Amino acid sequence: MPVEIIATTAKFIEQKFADEGSGHDWAHIRRVWLMARRLAQAAPEADREVAELGALLHDIADWKFHDGDYEAGPRAARAWLLSQEAPEALISRVETIIREVSFKGLGVPTPVSSLEAALVQDADRLDAIGAIGIARAFAYGGHKGRPLHDPAVAPVAHDSFASYQKNTAPTLNHFYEKLLHLKDRLNTDVARQVAEGRQAFMETYVARFLAEWEGAD
């Protein structure tokens, strides 16, 4: 059953997110899925099926697109897995991964309660940094109608999830409020190794962006 349900879930999610344009599309979910599998190879004690399903379903109903409803994702994942006759124990573990995966603000701890959740959280965060992460940040900012940058709007270290949810700052602020800090909030050694090059590229990009902003370079 696990192999069959993973393949069926992948096809379902691919179809559901085929035309998504905010950077939370099937390509993003597929990368998170593949990265979670890669990270699981270095953690043989992990339940790979749970991690793969958690990765495939982690954005099934993201709160950002469901009026801030943080339970929309777990509910949608449960409904899908029930339709596939998945056992309750599996459904519960996937729900927990979805609840724990998200960044909730720079000042908000985001601990995980299982190795599988750690793998999915790391995979999702890796896709938010580096070249792809930069592209996704600006795609989402455009989707929300946000300016690229406004020097008059200072970044905020959100100390609550409610504050983070209400954030409407320019896209460049997102680098200071989240993206540049993700490397230090990863759970696994393999993820931290992958993050090194992506972090360096992102830091170089931000410096170049600011130099060009005023026509200085």
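Above: the structure in question.
Residues numbered from 1 in each chain as written. Predicted model: local features only at pLDDT ≥ 70, side-chain atom pairs only at ≥ 80, totals over all residues. Heavy atoms only, no water.

### A look at the pattern of salt bridges
Within the structure shown, the criterion is met by 12 salt bridges. Between Arg93 and Glu116 there is a salt bridge whose closest N-O contact spans 3.4 Å. Here Arg93, found in helix H5 (residues 88-101), pairs with Glu116, found in helix H6 (residues 115-126); they are 23 residues apart in sequence, far enough to count as distant. The class of Glu116 is buried, set by a relative accessible area of 6%. Several salt bridges converge on common partners, so that one network encompasses Arg31, Asp127 and Arg136. (Salt bridge = Lys/Arg side-chain N within 4 Å of Asp/Glu carboxyl O. Helix = DSSP H or I, 4+ residues; strand = E, 2+ residues; numbered from the N terminus. Buried < 20%, exposed > 50% of the residue type's maximum accessible area, 1.4 Å probe, protein only.)

### Looking at the packing of helix H4 (residues 72-83) against H5
The description of two packed helices rests on the angle between their axes and on the distance between the axes. Look at H4 against H5: their axes get within 9 Å of each other, and the N-to-C directions meet at 155°. What the angle tells us is that H4 and H5 run roughly antiparallel. The crossing of H4 and H5 is right-handed. Residues Gly73, Pro74, Ala77, Arg78, Leu81 and Leu82 of H4 pack against Glu88, Ile91, Val94, Glu95, Ile98 and Arg99 of H5. (Axes fitted to C-alpha atoms, helices over the stretch in contact; angles between N-to-C directions. Parallel < 35°, antiparallel > 145°, perpendicular 65-115°, else oblique. Left-handed = near helix turned anticlockwise from the far one by under 90°. Contact = heavy atoms within 4.5 Å.)

### Some thoughts on the environment of Ala157
Residue position: Ala157 is located in the loop between helix H7 (130-143) and helix H8 (161-165). For the pair Ala157 and Glu214, spaced 57 residues apart in sequence, the C-alpha to C-alpha distance is 25 Å.

### Considerations on the environment of Phe175
Position of Phe175 relative to the elements: it lies in helix H9 (residues 171-177). Phe175 sits 56 residues away from Leu119 along the chain, and the two C-alpha atoms are 22 Å apart.

### What to know about the packing of helix H2 (residues 26-41) against helix H10 (residues 189-213)
One way to put it is that H2 packs onto H10 with a least axis distance of 9 Å and a crossing angle of 130°. When the axis of H2 is compared with that of H10, the two are oblique. Residues Met35, Arg38 and Leu39 of H2 pack against Val190, Ala191, Val194 and Arg198 of H10. When grouped by side-chain class, the residues that make up the contact of H2 with H10 number 5 nonpolar, no polar and 2 charged. (Nonpolar A, V, L, I, M, F, W, Y, C, P; charged D, E, K, R; others polar.)

### Quick notes on H7
Spanning 14 residues, H7 covers 20 Å between terminal C-alpha atoms, matching the ideal 20 Å at 1.5 Å per step. For H7, every residue scored as buried is listed here: Gly130, Gly133, Ile134, Arg136, Ala137, Phe138, Tyr140 and Gly141. Its buried side turned inward, H7 meets H2, H9 and H10. (Expected span 1.5 Å × (residues − 1).)

### Section: the side chain of Glu95
Note that Glu95 resides in helix H5. Each residue touching Glu95, except ones within four places of it in the same chain, is listed here: Pro74 and Arg78.

### Points about the nonpolar core
Looking at soluble globular proteins, one finds that nonpolar side chains tend to be buried together. With 59 residues, the main nonpolar core has Trp26, Leu57, Leu81, Leu126 and Phe175 as its most contacted residues. Beyond its immediate stretch of four places on either side in the chain, Trp26 contacts Ala10, Ile13, Glu14, Phe17, Trp33 and Leu56. (Core = buried A, V, L, I, M, F, W, Y, C linked by side-chain atoms within 4.5 Å.)

### Digging into the packing of aromatic side chains
A complete count under the given rule lists 9 aromatic pairs for this structure. Summarising the aromatic geometry, the rings of Phe12 and Trp80 are spaced 4.0 Å apart at their centres and angled 5° between planes, so their arrangement reads as stacked. With a gap of 68 residues between them, Phe12 in helix H1 (residues 2-16) and Trp80 in helix H4 connect regions that are remote in the sequence. On the basis of relative accessible area, Phe12 is assigned to the partly exposed category, the value being 25%. Overall, Trp80 belongs to the buried group, its relative accessible area being 13%. Between Tyr205 and Phe209 the ring centres are 6.2 Å apart and the planes differ by 50°, which places this aromatic pair in the tilted class. Of this pair, Tyr205 and Phe209 are both found in helix H10, 4 residues apart, which corresponds to roughly one turn of the helix. (Phe/Tyr/Trp six-rings, centres within 6.5 Å; stacked < 30°, edge-to-face > 60°.)

### Observations regarding the side chain of Asp124
Mapped onto the elements, Asp124 comes out in helix H6. Of the side chains bearing the opposite charge, Arg136 lies closest to the buried Asp124, which forms no salt bridge; the N-O distance is 5.2 Å. Apart from residues lying up to four places away in sequence, Asp124 is in contact with His28, Val32, His58 and Val101. (Lys, Arg positive; Asp, Glu negative; His and termini not counted.)

Everything listed is a geometric property; what it means functionally is a separate question.
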